[in-house]
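Listed here are the chains, written in short residue letters.
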Amino acid sequence: MIFTVAIDGPAAAGKGTISRAVADRFGFRHLDTGLLYRAVGMKGGDPGEAARSLTPEDLGRGDLRTLEAGQAASRVAALPEVRAALVEFQRRFARGEGGAVLDGRDIGTVICPEAEVKLYVTASPEVRAHRRWLELGGDEAQVLAEVRERDARDMGRADAPLRPASDAVLIDTSRMTIDEAVAAAVAVVEARLVGT
Ligand code: CDP
(Lines give C-alpha, C1' and ligand atoms only; values in the text may rest on other atoms or scores of the structure.)
Protein backbone atom coordinates (compact mmCIF):
# COMPACT_ATOMS: atom_id res chain seq x y z
CA MET A 1 0.00 0.00 0.00
CA ILE A 2 1.18 3.54 -0.77
CA PHE A 3 -0.54 6.09 1.45
CA THR A 4 0.84 9.52 2.39
CA VAL A 5 -0.32 11.77 5.20
CA ALA A 6 1.00 15.33 4.66
CA ILE A 7 0.93 17.52 7.77
CA ASP A 8 1.87 21.18 7.30
CA GLY A 9 1.62 24.24 9.50
CA PRO A 10 3.55 26.94 11.36
CA ALA A 11 6.01 26.52 14.24
CA ALA A 12 4.78 24.83 17.42
CA ALA A 13 1.23 24.24 16.15
CA GLY A 14 1.39 20.61 17.24
CA LYS A 15 2.46 18.98 13.97
CA GLY A 16 5.20 16.89 15.55
CA THR A 17 3.02 15.38 18.27
CA ILE A 18 0.13 14.73 15.88
CA SER A 19 2.44 13.21 13.26
CA ARG A 20 4.07 10.80 15.68
CA ALA A 21 0.69 9.76 17.10
CA VAL A 22 -0.82 9.20 13.63
CA ALA A 23 2.23 7.19 12.53
CA ASP A 24 2.04 5.04 15.70
CA ARG A 25 -1.69 4.51 15.39
CA PHE A 26 -1.55 3.26 11.78
CA GLY A 27 1.95 1.73 11.76
CA PHE A 28 3.21 4.27 9.21
CA ARG A 29 6.77 5.59 8.87
CA HIS A 30 7.32 9.20 10.02
CA LEU A 31 9.63 11.93 8.71
CA ASP A 32 10.01 15.26 10.53
CA THR A 33 11.19 17.29 7.53
CA GLY A 34 11.97 20.33 9.71
CA LEU A 35 14.88 18.37 11.09
CA LEU A 36 16.49 18.30 7.62
CA TYR A 37 16.40 22.12 7.41
CA ARG A 38 17.54 22.48 11.03
CA ALA A 39 20.53 20.21 10.32
CA VAL A 40 21.44 22.19 7.19
CA GLY A 41 21.18 25.47 9.11
CA MET A 42 23.43 24.24 11.91
CA LYS A 43 26.01 22.55 9.68
CA GLY A 44 27.55 25.84 8.60
CA GLY A 45 29.50 26.48 5.41
CA ASP A 46 27.73 26.80 2.09
CA PRO A 47 24.04 25.88 2.69
CA GLY A 48 23.57 24.24 -0.74
CA GLU A 49 26.61 22.05 -0.19
CA ALA A 50 25.44 21.28 3.37
CA ALA A 51 22.06 20.13 2.04
CA ARG A 52 23.63 17.91 -0.64
CA SER A 53 25.99 16.26 1.85
CA LEU A 54 23.72 15.72 4.91
CA THR A 55 24.71 12.68 6.95
CA PRO A 56 22.90 10.69 9.67
CA GLU A 57 25.34 12.31 12.18
CA ASP A 58 24.18 15.79 11.07
CA LEU A 59 20.60 14.69 11.78
CA GLY A 60 21.55 13.28 15.19
CA ARG A 61 23.07 16.47 16.69
CA GLY A 62 21.75 17.36 20.12
CA ASP A 63 21.13 21.06 19.40
CA LEU A 64 18.62 20.80 16.55
CA ARG A 65 15.58 21.67 18.72
CA THR A 66 16.94 25.02 19.94
CA LEU A 67 15.48 28.41 18.94
CA GLU A 68 18.78 29.16 17.21
CA ALA A 69 18.43 26.05 15.05
CA GLY A 70 14.83 27.01 14.19
CA GLN A 71 15.95 30.43 12.99
CA ALA A 72 18.93 29.02 11.09
CA ALA A 73 16.57 26.48 9.46
CA SER A 74 14.10 29.09 8.31
CA ARG A 75 16.90 31.19 6.78
CA VAL A 76 18.42 28.34 4.74
CA ALA A 77 14.92 27.04 3.89
CA ALA A 78 14.31 30.14 1.78
CA LEU A 79 17.16 29.14 -0.58
CA PRO A 80 15.92 27.27 -3.69
CA GLU A 81 19.24 25.38 -3.91
CA VAL A 82 18.71 23.96 -0.41
CA ARG A 83 15.08 22.99 -1.05
CA ALA A 84 15.97 21.34 -4.37
CA ALA A 85 18.64 19.19 -2.72
CA LEU A 86 16.11 17.80 -0.21
CA VAL A 87 13.14 17.14 -2.53
CA GLU A 88 14.02 13.67 -3.83
CA PHE A 89 14.70 12.15 -0.43
CA GLN A 90 11.36 13.44 0.89
CA ARG A 91 9.42 12.24 -2.19
CA ARG A 92 10.91 8.77 -1.99
CA PHE A 93 10.05 8.61 1.71
CA ALA A 94 6.49 9.78 1.03
CA ARG A 95 5.75 7.30 -1.77
CA GLY A 96 7.64 4.28 -0.42
CA GLU A 97 5.72 1.11 0.36
CA GLY A 98 3.82 0.97 3.62
CA GLY A 99 2.32 4.36 4.45
CA ALA A 100 4.14 7.51 5.54
CA VAL A 101 3.50 10.63 7.59
CA LEU A 102 5.58 13.70 6.73
CA ASP A 103 5.34 16.95 8.63
CA GLY A 104 6.69 20.27 7.43
CA ARG A 105 5.70 23.41 5.56
CA ASP A 106 5.31 22.33 1.92
CA ILE A 107 4.46 18.63 2.03
CA GLY A 108 0.91 18.95 0.69
CA THR A 109 1.75 21.75 -1.73
CA VAL A 110 5.15 20.81 -3.22
CA ILE A 111 6.63 17.54 -1.97
CA CYS A 112 3.54 15.37 -2.27
CA PRO A 113 0.53 17.13 -3.83
CA GLU A 114 -0.91 13.65 -4.48
CA ALA A 115 -0.96 12.79 -0.73
CA GLU A 116 -4.07 10.81 0.25
CA VAL A 117 -4.53 12.99 3.36
CA LYS A 118 -3.47 16.62 3.79
CA LEU A 119 -3.78 18.34 7.13
CA TYR A 120 -2.96 21.96 7.94
CA VAL A 121 -2.37 22.22 11.68
CA THR A 122 -2.34 25.71 13.13
CA ALA A 123 -2.95 27.75 16.32
CA SER A 124 -2.71 31.39 17.30
CA PRO A 125 0.83 32.83 17.56
CA GLU A 126 0.34 33.42 21.30
CA VAL A 127 -0.68 29.83 21.99
CA ARG A 128 2.18 28.49 19.88
CA ALA A 129 4.73 30.73 21.58
CA HIS A 130 3.44 29.64 24.99
CA ARG A 131 3.87 25.97 24.06
CA ARG A 132 7.39 26.54 22.73
CA TRP A 133 8.23 28.48 25.90
CA LEU A 134 7.00 25.58 28.08
CA GLU A 135 9.33 23.29 26.07
CA LEU A 136 12.41 25.49 25.93
CA GLY A 137 12.04 28.10 28.69
CA GLY A 138 13.65 31.53 28.34
CA ASP A 139 11.78 34.81 27.87
CA GLU A 140 8.22 34.22 26.61
CA ALA A 141 7.99 37.60 24.82
CA GLN A 142 11.17 36.78 22.93
CA VAL A 143 9.83 33.35 22.00
CA LEU A 144 6.67 35.03 20.62
CA ALA A 145 8.78 37.48 18.60
CA GLU A 146 10.79 34.56 17.23
CA VAL A 147 7.62 32.65 16.28
CA ARG A 148 6.23 35.69 14.45
CA GLU A 149 9.52 36.33 12.66
CA ARG A 150 9.74 32.73 11.49
CA ASP A 151 6.05 32.69 10.39
CA ALA A 152 6.64 35.82 8.31
CA ARG A 153 9.75 34.39 6.67
CA ASP A 154 8.16 30.97 6.01
CA MET A 155 4.93 32.45 4.59
CA GLY A 156 6.63 35.24 2.64
CA ARG A 157 9.36 33.35 0.79
CA ALA A 158 9.07 32.90 -2.98
CA ASP A 159 9.99 29.19 -3.08
CA ALA A 160 7.47 26.81 -1.44
CA PRO A 161 5.92 29.33 0.99
CA LEU A 162 3.95 28.00 3.95
CA ARG A 163 0.24 27.88 3.05
CA PRO A 164 -2.54 25.30 3.24
CA ALA A 165 -3.05 23.15 0.12
CA SER A 166 -6.45 23.92 -1.41
CA ASP A 167 -7.71 20.47 -0.38
CA ALA A 168 -6.14 20.39 3.10
CA VAL A 169 -8.28 19.78 6.20
CA LEU A 170 -7.65 22.58 8.72
CA ILE A 171 -7.13 21.70 12.38
CA ASP A 172 -6.85 24.72 14.69
CA THR A 173 -5.37 23.41 17.94
CA SER A 174 -5.57 26.73 19.87
CA ARG A 175 -8.32 25.43 22.17
CA MET A 176 -7.69 21.71 21.85
CA THR A 177 -5.88 19.33 24.16
CA ILE A 178 -3.24 17.10 22.57
CA ASP A 179 -5.65 14.15 22.74
CA GLU A 180 -8.38 16.13 20.96
CA ALA A 181 -6.02 17.27 18.22
CA VAL A 182 -4.71 13.74 17.69
CA ALA A 183 -8.27 12.36 17.62
CA ALA A 184 -9.24 14.92 14.96
CA ALA A 185 -6.28 13.94 12.77
CA VAL A 186 -6.82 10.20 13.27
CA ALA A 187 -10.48 10.58 12.26
CA VAL A 188 -9.53 12.21 8.94
CA VAL A 189 -6.99 9.49 8.15
CA GLU A 190 -9.40 6.71 9.15
CA ALA A 191 -12.15 8.10 6.92
CA ARG A 192 -9.78 8.21 3.95
CA LEU A 193 -8.38 4.73 4.60
CA VAL A 194 -11.90 3.28 4.52
CA GLY A 195 -12.29 4.71 1.04
CA THR A 196 -9.09 3.14 -0.37
O1 CDP B 1 9.17 22.46 15.05
P2 CDP B 1 8.89 23.75 14.36
O3 CDP B 1 7.52 23.78 13.78
O4 CDP B 1 9.24 24.95 15.18
O5 CDP B 1 9.90 23.89 13.15
P6 CDP B 1 10.38 22.80 12.10
O7 CDP B 1 9.20 22.07 11.55
O8 CDP B 1 11.47 21.99 12.70
O9 CDP B 1 10.98 23.70 10.91
C10 CDP B 1 12.04 24.59 11.10
C11 CDP B 1 12.12 25.51 9.88
O12 CDP B 1 12.47 24.74 8.73
C13 CDP B 1 10.80 26.19 9.51
O14 CDP B 1 10.63 27.43 10.14
C15 CDP B 1 10.90 26.34 7.99
O16 CDP B 1 11.56 27.50 7.62
C17 CDP B 1 11.79 25.18 7.57
N18 CDP B 1 11.03 24.09 6.94
C19 CDP B 1 10.66 24.22 5.62
O20 CDP B 1 10.92 25.23 5.00
N21 CDP B 1 10.03 23.19 4.97
C22 CDP B 1 9.72 22.06 5.63
N23 CDP B 1 9.11 21.07 4.97
C24 CDP B 1 10.05 21.92 6.99
C25 CDP B 1 10.70 22.96 7.64
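About the cut-offs
Residues numbered from 1 in each chain as written. Predicted model: local features only at pLDDT ≥ 70, side-chain atom pairs only at ≥ 80, totals over all residues. Heavy atoms only, no water. Near = heavy atom within 4 Å. Polar contact = N/O pair within 3.5 Å; in protein donor to acceptor, adjacent residues only side chain to side chain. Areas by Shrake-Rupley, 256 points an atom, 1.4 Å probe, with all protein chains shown as cover. Helix = DSSP H or I, 4+ residues; strand = E, 2+ residues; numbered from the N terminus. Nonpolar A, V, L, I, M, F, W, Y, C, P; charged D, E, K, R; others polar. Pairing = 2+ DSSP bridges. Axes fitted to C-alpha atoms, helices over the stretch in contact; angles between N-to-C directions. Contact = heavy atoms within 4.5 Å.

**Q** What is the right way to read the site of the ligand from this model?
**A** Residues in contact with the ligand amount to 18 residues; listed here are only the nearest, R38, R83, R132, R150 and D154. Between the ligand and the protein, one listed contact pairs an oxygen atom with a side-chain N or O atom of R105 at 3.0 Å. R157 places a side-chain nitrogen or oxygen 2.9 Å from an oxygen atom of the ligand. Relative to its free-state accessible area of 530 Å², the ligand is covered by the protein chains to the extent of 96%. At the level of secondary structure, the elements contributing two or more residues to the shell around the ligand comprise helix 2 (34–43), helix 5 (67–76) and helix 9 (140–156). In terms of residues, the shell around the ligand owes the most to one element, helix 2, which gives three residues. Residues belonging to the shell around the ligand are distributed by class as follows: five nonpolar, four polar and nine charged.

**Q** Is there a simple way to explain the sheet that holds strand 3 (residues 100–104) in this structure?
**A** Strand order across the open sheet formed by five strands is 2-3-1-4-5, with parallel pairing between neighbours. Because the sheet does not close on itself, it has two edges, and the strands there are strand 2 (29–32) and strand 5 (169–172). For this sheet, the mean angle separating the axes of adjacent strands, direction not counted, is 20 degrees. Here strand 2 runs beside strand 3; their pairing, made up of four bridges, is parallel. Its bridge partner being in strand 3, H30 is matched across the sheet by V101. Helix-sheet contacts for helix 6 (residues 80–95) involve strand 1 (4–8), strand 2 and strand 3, and the interaxial angle to strand 3 is about 145 degrees.

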